[in-house]
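So you can see what is in the structure, the chains are spelled out below.
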Amino acid sequence: MRVIAIMNQKGGVGKTTTSVNLAAGLARQGRRVCLIDLDPQAHSSLHLGVEAAGSADTIYQVFARARGLDQVRQLISENLWLAPADLDLAATELELVDAQGREFVLRQALEAAHADQNFDYVLMDCPPSLGVLTINALSAAGEVIIPLQPHFFALQGLSRLLETTALVTRRLNRRLRVSGILLCLYETGTRLAADVTEDLMRFLEASDPQSPWAQARVFESRIRRNIKLAEAPSFGQSVFAYAPGSSGAVDYGALVSEVIAAENQFAHRAAA
Ligand code: ADP
Ligand code: MG
């Protein structure tokens, strides 16, 4: 099982779009996938056509230790499960403030559910913050994938984010590795995108071999800007279902292949 946090503390960089389409694409390749929506805005849930508001069965109940993960996840399509979020999840940050072991609630829930679930992948769509929900994702994960929009300030935000992963690695989860950085909303042929990409690669090459991102690579798949990716959520569908011939489906299809190609390298980094 690979447990992957899709994380960046900045909003609007492509975390949710990547979480949903990577999950759906892996499921289409026969992998059993569970997507956990960790954002109180519930964009991943809505993207997959699930409006959980008012129903009791969301990831909030798992953080409240009232339900197990297996009780809140629902089957979306063949091989694809979703543990949905709703706005209640916003309260979790406060409710867990003084709780013992607050960083490990999700990891324990995954371990408890693992025996009867047999997932190949667990993907976690993180909120745009470095609060307790994101820390729970990093504590439970074996890998982090960072979606990044290549603009002038992208690298500055990235170093802060990487420091957080280093901190989590030291204190909470020694297995954690940044496996890849994914360039999203990529403007092909622009000078800026090419420059930022080059800076990013140089930065990674120069990194401390002991750091959790020492083996991180920039995915060869670049996710180009494509309107179909922005439209698909309002139809409650992945881009593969909504617009299979679009460049968005092509780009995320390529990412799925890259992620699958790394299975031998990362499959042993199981959380449970
Ligand atoms: P995050 O989860 O990091 O906040 P999202 O995945 O929700 O980011 O993306 C932010 C917005 O940009 C959404 O409206 C989404 O539909 C849109 N979007 C994301 N990636 C692309 C893309 N490659 N092309 C066009 N629109 C995109
Ligand atoms: Mg999001």
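Provided above is the structure to which this section pertains.
Predicted model, so just to flag it, every value in this text is computed and none were measured.

S.K.: Before we move on, can you summarise the site of ligand 1 with the specific residues and values?
M.R.: Lining the immediate environment of ligand 1, one finds 14 residues, of which Gly 12, Lys 15, Thr 16, Thr 17 and Asn 226 sit closest. Val 13 has a polar backbone atom sitting 3.1 Å from an oxygen atom of ligand 1. The contact in question runs from an oxygen atom of ligand 1 to an N or O atom on the side chain of Lys 15, over 2.9 Å. A total of 550 Å² of accessible area belongs to ligand 1 in isolation, and the protein chains cover 78% of it. Taken atom by atom, the bulk of ligand 1 overlaps the largest pocket. Counting only elements with at least two residues in the shell around ligand 1, the list comes to helix H1 (15–28) and helix H10 (227–231).

S.K.: An account of the layout of surface pockets is requested, with residue identities and associated values reported.
M.R.: The computed volume of the largest pocket comes to approximately 460 Å³. For the largest pocket, the lining is made up of 25 residues, of which Gly 12, Gly 14, Lys 15, Thr 16 and Thr 17 are closest to its centre. Elements that contribute at least two residues to the lining of the largest pocket include exactly H1, helix H2 (43–47) and H10. Across the lining of the largest pocket, the residue classes tally to 11 nonpolar, nine polar and five charged.

S.K.: Could you give me a rundown of the packing of helix H6 (residues 105–114) against helix H7 (residues 132–140), with the residues and numbers involved?
M.R.: Relative orientation of the contacting elements H6 and H7 amounts to 45°, with a least axis distance of 7 Å. Accordingly, the angle class assigned to the pair H6 and H7 is oblique. Where H6 approaches H7, its residues Val 105, Leu 106, Arg 107 and Leu 110 are matched on the opposing element by Asn 136, Ala 137, Ser 139 and Ala 140. Residue classes in the contact of H6 with H7 are distributed as five nonpolar, two polar and one charged.

S.K.: Provide a residue-level description of the pairing of strand S3 (residues 74–77), including the pertinent values.
M.R.: Looking at chain direction, S3 and strand S4 (residues 80–83) are connected through three bridges and run antiparallel. Across the sheet, Ser 77 pairs through a bridge with Leu 80, a residue of S4. If you look at the hairpin formed by S3 and S4, you'll find two residues sitting between the two strands, and Asn 79 has a positive phi there, around 70°.

S.K.: Describe the packing of aromatic side chains, naming the residues involved and giving the relevant values.
M.R.: Two descriptors summarise a pair of aromatic rings, namely the distance from one centre to the other and the angle between the planes of the rings. Summed over the entire model, instances satisfying the criterion amount to two aromatic pairs. Taking the centre distance of 5.3 Å and the plane angle of 70° together, the rings of Trp 81 and Phe 119 count as edge-to-face. Within this pair, whereas Trp 81 is found in strand S4, its partner Phe 119 is found in the loop between H6 and strand S5 (121–125), the two being separated by 38 residues in sequence. A residue is classified by how much of its surface remains accessible, and Trp 81, at 12% relative accessible area, is buried. What makes Phe 119 buried here is its relative accessible area of 6%.

S.K.: Any details on helix H9 (residues 191–205)? Residues and values, ideally.
M.R.: In this model H9 runs 21 Å from its N-terminal to its C-terminal C-alpha over 15 residues, within 8% of the 21 Å that 1.5 Å per residue would give. Those residues of H9 that sit buried are Ala 193, Val 196, Thr 197, Leu 200 and Leu 204. The buried residues of H9 occupy an angular sector of 100° when the element is viewed end-on, so they sit on one face. Every exposed residue of H9 that faces more than 90 degrees away from the buried side is listed here: Arg 191 and Glu 205.

S.K.: Any details on H1? Residues and values, ideally.
M.R.: Here H1 is 14 residues long and its end C-alpha atoms lie 20 Å apart, about the 20 Å a rise of 1.5 Å per residue gives. Burial within H1 is extensive, with 12 of its 14 residues counted as buried. Restricting attention to buried positions, one finds in H1 the residues Lys 15, Thr 16, Thr 18, Ser 19, Val 20, Asn 21, Leu 22, Ala 23, Ala 24, Gly 25, Leu 26 and Ala 27. Just beyond H1, the residue with positive phi is Gly 30, at close to 90°.

Conventions adopted
Residues numbered from 1 in each chain as written. Chains lettered and ligands numbered in written order. Predicted model: local features only at pLDDT ≥ 70, side-chain atom pairs only at ≥ 80, totals over all residues. Heavy atoms only, no water. Near = heavy atom within 4 Å. Polar contact = N/O pair within 3.5 Å; in protein donor to acceptor, adjacent residues only side chain to side chain. Areas by Shrake-Rupley, 256 points an atom, 1.4 Å probe, with all protein chains shown as cover. 1 Å grid on protein atoms, 1.4 Å probe; cavity = no way out; pocket = protein on both sides within 12 Å on 5 of 7 lines; lining within 4 Å. Sits in = over half its atoms within 2 Å of the grid points. Helix = DSSP H or I, 4+ residues; strand = E, 2+ residues; numbered from the N terminus. Points joined across faces, edges and corners; volume = space filled by probe spheres on them. Nonpolar A, V, L, I, M, F, W, Y, C, P; charged D, E, K, R; others polar. Axes fitted to C-alpha atoms, helices over the stretch in contact; angles between N-to-C directions. Parallel < 35°, antiparallel > 145°, perpendicular 65-115°, else oblique. Contact = heavy atoms within 4.5 Å. Pairing = 2+ DSSP bridges. Phe/Tyr/Trp six-rings, centres within 6.5 Å; stacked < 30°, edge-to-face > 60°. Buried < 20%, exposed > 50% of the residue type's maximum accessible area, 1.4 Å probe, protein only. Expected span 1.5 Å × (residues − 1). Arc of directions from axis to C-beta.

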